[in-house]
Amino acid sequence: MLIEHFRHLKLPNLTVVSPDAGGVERARSFAKRLDAPLAIVDKRRIDIDVSEVMNLIGDVRGRSTLIVDDIIDTAGTLVKTAEALLREGATQVYAACTHAVLSGPAIERIAKSQIKEVVATDSVPMSETARQMGKIKILSVAGLLARGIRSIHEETSISELFI
């Protein structure tokens, strides 16, 4: 679902970015399916919920970027990653995640950031403030879950849903 959303946007000169080493496989999968290069942020956690971007592996100069993560909680890593990408010459920053927890200062951080759009699934209920924020787009997983249930009921391959 997330990949299809960004495929339809047709972002120019797209580079997919992993915000940390742990998310490289996820970002690589997005990059492959979007036919885009991959960049990786090397960060160091300096305290609980506080990280510092150390290095960017890959070139984002003059490119649109898409940060791919599994969860956005306080949005600290997301916003710092976006700032680092823009410092390195990215022209615009988008973000995608499966679960948008958006706790604490997350909504305010995203609102104040230069991120164009954060796209998330509705796997976690969103506050009214988050739903009304222009920068956050929510995609429903209902159709995907329905197809999964149908596949299980009809005893067909569920893996086709994730290709």
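Definitions and limits used
- Residues numbered from 1 in each chain as written.
- Predicted model: local features only at pLDDT ≥ 70, side-chain atom pairs only at ≥ 80, totals over all residues.
- Heavy atoms only, no water.
- Helix = DSSP H or I, 4+ residues; strand = E, 2+ residues; numbered from the N terminus.
- Rg over C-alpha atoms; globule rule 2.2 N^0.38 Å.
- Buried < 20%, exposed > 50% of the residue type's maximum accessible area, 1.4 Å probe, protein only.
- Contact = heavy atoms within 4.5 Å.
- Areas by Shrake-Rupley, 256 points an atom, 1.4 Å probe, with all protein chains shown as cover.
- Lys, Arg positive; Asp, Glu negative; His and termini not counted.
- Charge placed at Lys NZ, Arg CZ, Asp CG, Glu CD.
- Core = buried A, V, L, I, M, F, W, Y, C linked by side-chain atoms within 4.5 Å.
- Phe/Tyr/Trp six-rings, centres within 6.5 Å; stacked < 30°, edge-to-face > 60°.
- Salt bridge = Lys/Arg side-chain N within 4 Å of Asp/Glu carboxyl O.
- Polar contact = N/O pair within 3.5 Å; in protein donor to acceptor, adjacent residues only side chain to side chain.

Asks: What am I meant to see in the overall build of the protein chain here?
Replies: From N to C terminus, the protein chain includes six helices and seven strands. Counting helices and strands in the order they occur from the N terminus, the protein chain gives α-β-α-β-β-β-α-β-α-β-α-β-α. Relative to the globule expectation of 15 Å for 163 residues, the C-alpha radius of gyration of the protein chain, 16 Å, shows essentially globular dimensions. Projected onto its principal axes, the C-alpha coordinates of the protein chain cover approximately 50 × 35 × 30 Å. Expressed as a percentage of the 163 residues in the protein chain, the buried residues total 43%. Here the contacts in the protein chain between residues at least 6 apart in sequence split such that 57% fall between residues at least 24 apart. When the accessible surface of the protein chain is totalled, it reaches about 9,100 Å², and 52% of it is carbon and sulfur. Separation between the mean location of the 21 positive side-chain charges and that of the 21 negative ones in the protein chain comes to 5 Å.

Asks: Is there a simple way to explain unusual backbone geometry in this structure?
Replies: Leaving glycine aside, a negative phi is the common case for residues, and trans is the common case for peptide bonds. Even without a glycine there, the phi angle at Lys10 is positive, about 50 degrees. Within the fold, Lys10 resides in the loop between α1 (2-9) and β1 (14-18).

Asks: Sorry, what's going on with the nonpolar core here?
Replies: The biggest cluster of nonpolar side chains holds 27 residues, and the ones touching the most others in it are Ile67, Leu78, Leu102 and Val118. Within the second largest apolar cluster, 17 residues are counted, among which are Leu11, Val16, Val119 and Leu139.

Asks: Got a minute to help me understand the packing of aromatic side chains in this structure?
Replies: Centre-to-centre distance and the angle between the planes together describe a pair of aromatic rings. For the coordinates displayed, the defined rule picks out one aromatic pair. Pairing Phe6 with Tyr94 gives two aromatic rings, centres 6.2 Å apart and planes at 85 degrees, and the pair type is edge-to-face. Linking Phe6 in helix α1 with Tyr94 in strand β5 (residues 92-100), this pair joins segments that are 88 residues apart in sequence. Of the two residues, Phe6 and Tyr94, both sit in the buried class.

Asks: For this particular structure, what's the right way to read the pattern of salt bridges?
Replies: Two side chains carrying opposite charge are able to pair once their charged atoms lie near each other. In total, this model carries six salt bridges according to the counting rule given. Across the pair Arg7 and Glu4 runs a salt bridge, and its minimum N-O distance is 2.2 Å. Of this pair, Arg7 and Glu4 both sit in helix α1, three residues apart, which is roughly one turn of the helix. You can call Arg7 partly exposed: its relative accessible area is 35%. Of the charged contacts in the structure, one is a salt bridge between Arg26 and Asp70, with a shortest N-O distance of 3.5 Å.

Asks: Whenever I open this one, the environment of Thr15 confuses me. Can you help?
Replies: Relative to the helices and strands, Thr15 resides in strand β1. Along the backbone, Thr15 and Gly62 are 47 residues apart, and their C-alpha atoms lie at a distance of 10 Å. A polar side-chain atom of Thr15 sits 2.5 Å from a polar atom in the side chain of Arg63.

All quantities given are derived from atomic positions and should not be read as evidence of function.
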